[in-house]
Amino acid sequence: MPLDPPGYLDVHAHFVTDSYVRQARDAGHALPDGVPAWPTWSAEAHLDLMDRCGIRTSMLSISSPGVHFGDDTAARRLAREVNEAGAGTVRAHPGRFGLFASLPLPDVDGALEEIAYACDTLDADGVVLETNTHGTYLGNPDLEPVWAELDRRGAVVFLHPTSPVCWERSALGRPRPMVEFIFDTARTVTDLLMAGTLDRHRNLTVIVPHCGGALPVLADRIDGFMKMFMPAGTEAPGAVEQLGRLYYDLAGPALPRQLPALLGLVGPDRLLYGSDHCWTPAAGVEAHVAGLDAAPAPGGAASWRALTTANAHRILPRTAR
């Protein structure tokens, strides 16, 4: 398919390096999140898939299990390593890739240092944050300096799910991306809402993956509990209002059920395309794109391509050049 506009802008795309996979395996992630095997990745193969699917630009990030395997020093080193590798790919293929940089959370000092390096030296397009790291969820007050710095920079923050700390029992022996990722996304966003993080830091652009996970069907329930249990004196807007300010990618089986539920929570102007490649195989990406291309777009948009790409260019303006 030709890359004439509108080509999709993929905000949910991943890469791995041989060194990263080796270090993750050495840390005990031989079967990452219960998935049978690590994917392989190369820029050339990714570009070939993008050209077949009419994807103009893919924003690369490291997926679960992230870069922190228990040691702060090693996590800082690995975050720097993968960020430099990702930035090198962006430089080698102008206009085709962008980078959401990894941070060594929950190491706050290391994260602040990497934000500065990734944004000021590597020219990253934003950051990726796992939904939790060793049980530290994103609304944890210890992470407030990180959110404050990201807010100061007006950063794009891409959330990505990972296994919850209780996965040994909750996953029932099945791959965690199937169900646990969906609920961990809802868990960490709920934590951000209840902590007031999203309301305090309105200069952020936050992207929630997989059509919001379980959030579209839980939003009213979360809203009601927030009104009952927010600390006295808290005047943060309700959950539904705050969720309406976030952005949501369409990675995963968005149609026929999950995407309509999301459109009951947010407007079409908040939707972005996501492939989840390389963790989603090429055939799955091709089928996903074919399904979106065949489906009518909401709000009078000419196509899902036109809608999601225009939305992405608005929050990632240099991708429109």
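Data block above holds the structure.
Procedures and definitions
Residues numbered from 1 in each chain as written. Predicted model: local features only at pLDDT ≥ 70, side-chain atom pairs only at ≥ 80, totals over all residues. Heavy atoms only, no water. Helix = DSSP H or I, 4+ residues; strand = E, 2+ residues; numbered from the N terminus. Rg over C-alpha atoms; globule rule 2.2 N^0.38 Å. Buried < 20%, exposed > 50% of the residue type's maximum accessible area, 1.4 Å probe, protein only. Contact = heavy atoms within 4.5 Å. Areas by Shrake-Rupley, 256 points an atom, 1.4 Å probe, with all protein chains shown as cover. Lys, Arg positive; Asp, Glu negative; His and termini not counted. Charge placed at Lys NZ, Arg CZ, Asp CG, Glu CD. Salt bridge = Lys/Arg side-chain N within 4 Å of Asp/Glu carboxyl O. Phe/Tyr/Trp six-rings, centres within 6.5 Å; stacked < 30°, edge-to-face > 60°. Polar contact = N/O pair within 3.5 Å; in protein donor to acceptor, adjacent residues only side chain to side chain. Patch = residues over 30% accessible without salt bridge, like charges linked within 9 Å, V, L, I, M, F, W, Y side chains within 5 Å.

Draft legend 1. Quick look at the overall build of the chain. Looking only at helices and strands, the chain features 13 helices and ten strands. For 321 residues, the compact-globule estimate of 2.2 N^0.38 gives 20 Å, and the C-alpha radius of gyration of the chain, at 18 Å, lies within 12% of that figure. Projected onto its principal axes, the C-alpha positions of the chain cover 55 × 50 × 40 Å. Evaluated residue by residue, the chain yields a buried proportion of 55% over its 321 residues. Long-range contacts, defined here as pairs at least 24 residues apart, represent 78% of the contacts in the chain between residues at least 6 apart. Here the chain has roughly 13,500 Å² of accessible surface; of this, 55% comes from carbon and sulfur atoms. Within the chain, one finds 26 positive and 38 negative side-chain charges whose respective centroids are separated by 3 Å.

Draft legend 2. Up close: the side chain of Arg 176. Here Arg 176 is to be found in helix α7 (residues 176-195). Despite its burial, Arg 176 pairs with no opposite charge, the nearest such side chain being Asp 33 at 4.3 Å. For Arg 176, the contacting residues outside a window of four places in its chain are Asp 33, Gly 34, Ser 163, Trp 167, Ala 171 and Phe 181.

Draft legend 3. Inspection of the packing of aromatic side chains at higher detail. Counted under the stated rule, the structure contains eight aromatic pairs. With a centroid separation of 6.4 Å and an interplanar angle of 35°, the aromatic rings of Tyr 20 and Phe 69 are classed as tilted. In this pair, Tyr 20 is assigned in helix α1 (residues 18-26) and Phe 69 in the loop between β2 (55-61) and α3 (72-92), connecting sequence segments 49 residues apart. Owing to a relative accessible area of 24%, Phe 69 belongs among the partly exposed residues under this scheme. Joined through ring pairs, the aromatic side chains of Tyr 20, Trp 38, Phe 69 and Trp 279 make up one cluster.

Draft legend 4. Representation of the side chain of Glu 114. Here Glu 114 lies in helix α4 (residues 108-120). Reaching out from Glu 114, the side chain makes a polar contact with the side chain of Arg 80 at a distance of 2.9 Å. Residues contacting Glu 114, with those up to four places away along its chain left out, are Ala 79, Arg 80, Asn 83, Ser 102, Leu 103 and Pro 104.

Draft legend 5. Examining the pattern of salt bridges more closely. If you walk through the whole model with that rule in mind, you get 18 salt bridges. Ionic pairing is found between Asp 125 and Arg 318, a salt bridge with its closest N-O pair at 2.8 Å. Of this pair, Asp 125 sits in the loop between α4 and β4 (126-130) while Arg 318 sits in the segment after α13 (304-315), and the two are 193 residues apart along the sequence. Classification of Asp 125 by relative accessible area gives buried; the value is 16%. Exposure remark for Arg 318: the relative accessible area of 29% places this residue in the partly exposed category. A salt bridge links Asp 269 to Arg 270, with the shortest nitrogen-to-oxygen separation between them at 3.8 Å. Where salt bridges share partners, they join Arg 76, Arg 80, Asp 107, Glu 113 and Glu 114 into one cluster.

Draft legend 6. Examining α7 more closely. Buried residues of α7: Arg 176, Glu 180, Phe 181, Ile 182, Asp 184, Thr 185, Ala 186, Thr 188, Val 189, Leu 192 and Leu 193, and no others. Of the residues flanking the end of α7, it is Gly 196, one or two places downstream, whose phi is positive at about 75°.

Draft legend 7. Structural detail: a nonpolar patch on the surface. Together, Met 194, Phe 225, Met 228 and Phe 229 line one region of the surface with nonpolar side chains, adding up to about 410 Å² of accessible area. Examining the composition of the nonpolar patch, we find that three residues originate from one element, helix α9 (residues 215-229), more than from any other. Look at Met 194 and you get partly exposed, because its relative accessible area is 31%.

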